[in-house]
Amino acid sequence: MLRVLGNTWALMLGLFLLMLGNGLQGTLLGVRGDIEGFGPGTMSFVMSAYFIGFLGGSRLAPHMIRRVGHVRVFAALGSIISAAFILFPAFPDPVAWFVLRLFVGFCYSAVYVVVESWLNNASDNSNRGQALSLYLIIQMMGIITAQGILLLQDPAGWILFVVISVAVSLSFLPILLDVSPAPIFDTTKPMSLRALYGVSPLGVVSVFFLGGIFAAMFGMASVYGTEKGLSLAQISLFISAMYVGGLVLQYPIGWLSDRMDRRRLIVICTALGTVITAVGSFLTEYPYILLFTSFMIGGLANPLYSLLIAYTNDFLEHEDMAAASGGLIFINGLGAISGPFVVGFMMSNLGPDSYFLFICALMGIITLYGLYRMTQRSATSVEDAIAYSTLSPTSSPVILEWAQEYAIDQANEDDEIKPDAEENR
């Protein structure tokens, strides 16, 4: 992995700064919204805009890049992101924030496409798995570091918004000054949702509800903290715990995924998440239990995204995997858009601890549907399963297609090894 980092440090540094800005803006807006007097319902409206923009960007970015190229798209949209962060404190109005966050989500989606395309171009079959893991680690570390920066200045002022803008602006330098040529860009047309559902009903339904969970984690966690009356330091720790959990539990869940029935593992993870969030919602007055609940939410939800994609791949032909990834991103995005509205309504009417009940309900739905699907289809054998690839819910279609290519290469290698092993017996 150190060799991969040595070859791609400029891209990884740029990605780290991008995630620093993105991780800080989600938390900062939730805290600043409370200072401005915005309630959970209003903030759910604001927070949903990012996911609307992100979904739109994932569909339009490929056309923009084909038309004017990676560098121009990256520079133009990156400049919009930097400017938008400066404008948030200048216009403390929900409608203005909605529009700005819509632009931020759209631009980040396209920027991820550019970064991931360059990273894909800088790796090969021998180190692609390590590059995928490093990509996720850098993303998580950027978001976790951002929560610490939140404590350095008063969120009621301008400084933190300036820090975000500067971090995003500086992220362009190592990427745009990289001597590597811009990669050739191409993505596969997404599979239709009906066809995708026919291939894997559990994958489609679960990815949709998981999008709602991610929206609650990434968009409404700081809103929950302010409504609960947590201090700034407690909010920072609460959100950091989610991403630390995702980082720590990604490997063990991925390891299990390649060694047991994935459908059963999906049910186990979501059932565990259902119980933990249900119990945790009644014990939020205890700080350590609150942090443990946050850790487990992130630790179960983040790997679940990769697990569901791997499970869906098990029922696809190799040539259809890339097309399916685009459909799964779209479904996940639809769930993410609706998530903030529902959790905001619940928090406004049932109190802040309904934040956990919302996640509990979605985890429970996936568990019950998973149990139902186990009665409808026999399990795929472990030997025939496609390799698990570590992925992030913020990834663009580029990284998913890249992961699919890696999974196909691994499957082909396994197919070549099996006959040789049988001959040597």
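As a convention, each chain's residues are numbered from 1 in the sequence order in which they are written. The predicted nature of this model means local features are confined to residues of pLDDT at least 70 and side-chain atom pairs, given and counted, to a pLDDT of 80 or more, with totals for whole chains, interfaces and linings taken over all residues. Heavy atoms throughout the structure, all of them, feed into the side-chain values; hydrogens and water do not.

Visitor: Before we move on, can you summarise the side chain of serine 171 with the specific residues and values?
Guide: With respect to the helices, strands and loops of the structure, serine 171 is situated in helix α6 (residues 159-176). It only takes one pair of heavy atoms within 4.5 Å for two residues to be counted as in contact. The residues contacting serine 171, other than those within four sequence positions of it, are Gly14, Leu17 and Leu18. Strands here are runs of E lasting at least two residues and helices are runs of H or I lasting at least four, both read from the DSSP assignment and numbered beginning at the N terminus.

Visitor: Tell me about the pattern of salt bridges, residues and numbers included.
Guide: Criterion for a salt bridge: a side-chain nitrogen of Lys or Arg within 4 Å of a carboxyl oxygen of Asp or Glu. This model, assessed by the stated rule, comprises five salt bridges. Here glutamate 285 and lysine 228 are joined by a salt bridge, their closest N and O atoms 2.9 Å apart. Residue glutamate 285 is located in the loop between α10 (262-280) and α11 (287-313), and its partner lysine 228 is located in helix α8 (residues 201-228); the two are separated by 57 residues in the primary sequence. The class for glutamate 285 is exposed, based on a relative accessible area of 60%. Notably, a salt bridge pairs aspartate 353 with lysine 228, separated by 3.0 Å at the nearest N-O pair. Of this pair, aspartate 353 sits in the loop between α12 (321-350) and α13 (354-374) while lysine 228 sits in helix α8, and the two are 125 residues apart along the sequence. Relative accessibility under 20% of the residue-type maximum defines a buried residue, over 50% an exposed one, and the middle range a partly exposed one, all with a 1.4 Å probe and only protein chains included.

Visitor: Could you give me a rundown of the nonpolar core, with the residues and numbers involved?
Guide: The nonpolar core is taken to be a set of buried Ala, Val, Leu, Ile, Met, Phe, Trp, Tyr and Cys residues, with the residues joined through side-chain atoms within 4.5 Å. Counting 117 residues, the largest nonpolar core has Tyr108, Phe238 and Tyr355 as its most contacted members. In terms of residue count, α8 provides more of this core than any other element does, 14 residues in total. Leaving out residues up to four positions away in the same chain, tyrosine 108 has contacts with Leu18, Gly21, Asn22, Tyr50, Phe54, Ile81, Phe85 and Val168.

Visitor: Outline the environment of leucine 256, listing residues and values.
Guide: Secondary-structure assignment places leucine 256 in helix α9 (residues 232-257). Sequence separation between leucine 256 and leucine 307 is 51 residues, and the spatial gap between their C-alpha atoms is 10.0 Å.

Visitor: Which residues make up the packing of aromatic side chains, and what values do they have?
Guide: Note on ring pairs: Phe, Tyr and Trp rings are taken, using the six-membered ring of Trp, and paired if centres are within 6.5 Å. Classes follow the plane angle, with under 30 degrees stacked, over 60 edge-to-face and the rest tilted. Tallied over the full model, the rule gives 21 aromatic pairs. Arranged with centres 5.6 Å apart and planes meeting at 50 degrees, the rings of tyrosine 50 and phenylalanine 218 form a pair that is tilted. Of this pair, tyrosine 50 sits in helix α2 (residues 40-68) while phenylalanine 218 sits in helix α8, and the two are 168 residues apart along the sequence. When the ring of tyrosine 108 is compared with that of tyrosine 112, the centres are 5.6 Å apart and the planes differ by 50 degrees; the resulting orientation is tilted. One end of the pair, tyrosine 108, and the other, tyrosine 112, are both in helix α4 (residues 94-121), four residues apart, so they sit about a helical turn from each other. Tyrosine 112 shares its class with tyrosine 108; the two are buried. Ring-pair connections join several aromatic residues into one group, and the members of that group are Tyr50, Phe51, Phe54, Tyr108, Tyr112 and Phe218. Stacked on the ring of phenylalanine 315, the Lys or Arg arginine 377 has its end atom at 4.0 Å from the ring centre. A ring is considered to have a charge above it if a Lys NZ or an Arg CZ atom is located within 6 Å of its centre and within 35 degrees of its normal.

By themselves, these figures tell us nothing about what the structure is for.
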